[in-house]
Amino acid sequence: MSGFSRSLAAQAAAKCIIDTAVQLELLDGPIATAPELAEAEKELIIKMLAEVKRRSGDEADNAVLEPDEISSLFTFVFAKAAEVVTNMYNNQGNKFELTGMLDGKIPLYADDKITEEFKRSPFPFTCAQNYLEWFNTNSSLLGDADPVLLLFEALKWCFRLSCHLAVEIVEDKEEE
């Protein structure tokens, strides 16, 4: 299987995001998962990777993203998680538009309660900040690790934990 590797750097990138959720006291038990969320993550990440590669042209393996674009990506997957959870509960399909993915102008089409709470959440901004700090602090230790792969590993965990937060909001709303 070509291209497959084991990466401690990717594991550390994921841990950075998990640690951010713990730091913000957003995790107090197991994360909510569902097959629909896993399928949505796969579809979204593939589309996002394709867009980054398209944008980077021949330099796809070494795409250079600006800190503002990286921050926008974390906010983007956070918003998409809200939409995916809303769609899951409403038995709707996902239509992943990439509008705002890199420029921070991200539309959000989600349940009002999720939208209200997500707009107040520091999670995506803190994820971006902690990821950038982690990457810059450890860049000399990352060796030949693909920076796009590392970023997308962190984004996957931001998406997963954001879905978890949205599910919790929906469950709390149903208990009211």
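Anything mentioned here points back to the structure above.
Here the structure is a predicted model, which means the values were calculated and not measured.

Caption draft 1: Here's a closer look at the nonpolar core. One finds Ile-17, Met-48, Phe-74, Phe-123 and Tyr-131 to be the most contacted residues of the largest nonpolar core, which totals 54 residues. Within the residue set of this core, elements represented by two or more residues are helix H1 (8–23), helix H2 (35–56), helix H3 (67–89), helix H4 (112–120), helix H5 (123–138) and helix H6 (147–175). If you tally residues by element for this core, the top one is H6, at 15 residues. For Met-48, the contacting residues outside a window of four places in its chain are Leu-73, Phe-76, Val-77, Leu-98, Met-101, Phe-152 and Leu-155.

Caption draft 2: Seen up close, the packing of aromatic side chains. By the definition in use, this model includes 6 aromatic pairs. Considering the side-chain rings of Phe-74 and Tyr-131, the 5.9 Å spacing of their centres and the 45° angle between planes classify their relative orientation as tilted. Taken together, the residues Phe-74 in helix H3 and Tyr-131 in helix H5 connect sequence positions 57 residues apart. For the pair formed by Phe-74 and Tyr-131, the shared burial category is buried. Members of the aromatic cluster, joined through ring pairs, are Phe-74, Tyr-131, Trp-134 and Phe-135.

Caption draft 3: Structural view of the pattern of salt bridges. This model, assessed by the stated rule, comprises 8 salt bridges. Note that Lys-113 is salt-bridged to Glu-117, the shortest N-O span being 3.5 Å. Note that Lys-113 and Glu-117 are positioned in helix H4 at a spacing of 4 residues, about one turn of the helix. Among the residues examined, Lys-113 registers a relative accessible area of 24% and is labelled partly exposed.

Calculation rules
Counting starts from 1 at the beginning of each chain's written sequence and moves along it residue by residue. Selection of residues for local features in this predicted model requires a pLDDT of at least 70, selection of side-chain atom pairs for listing and counting requires 80 or more, and totals for whole chains, interfaces and linings are taken over all residues. For the side-chain quantities, the full set of heavy atoms in the structure was used; hydrogens and water were omitted. By nonpolar core we mean a set of buried residues, namely Ala, Val, Leu, Ile, Met, Phe, Trp, Tyr and Cys, connected to one another through side-chain atoms within 4.5 Å. Under the scheme applied here, a residue whose accessible area is under 20% of the maximum for its type counts as buried, over 50% as exposed, and between as partly exposed, the area being computed with a 1.4 Å probe on protein chains only. For helices the rule is a DSSP run of H or I covering at least 4 residues; for strands it is a run of E covering at least 2, with both sets numbered from the N terminus onward. We call two residues contacting when some pair of their heavy atoms lies within 4.5 Å. For Phe, Tyr and Trp, rings pair up if their centres lie within 6.5 Å, where Trp contributes its six-membered ring, and each pair is then called stacked (planes under 30 degrees apart), edge-to-face (over 60) or tilted (otherwise). Here a salt bridge means any side-chain nitrogen of Lys or Arg lying within 4 Å of a carboxyl oxygen belonging to Asp or Glu.

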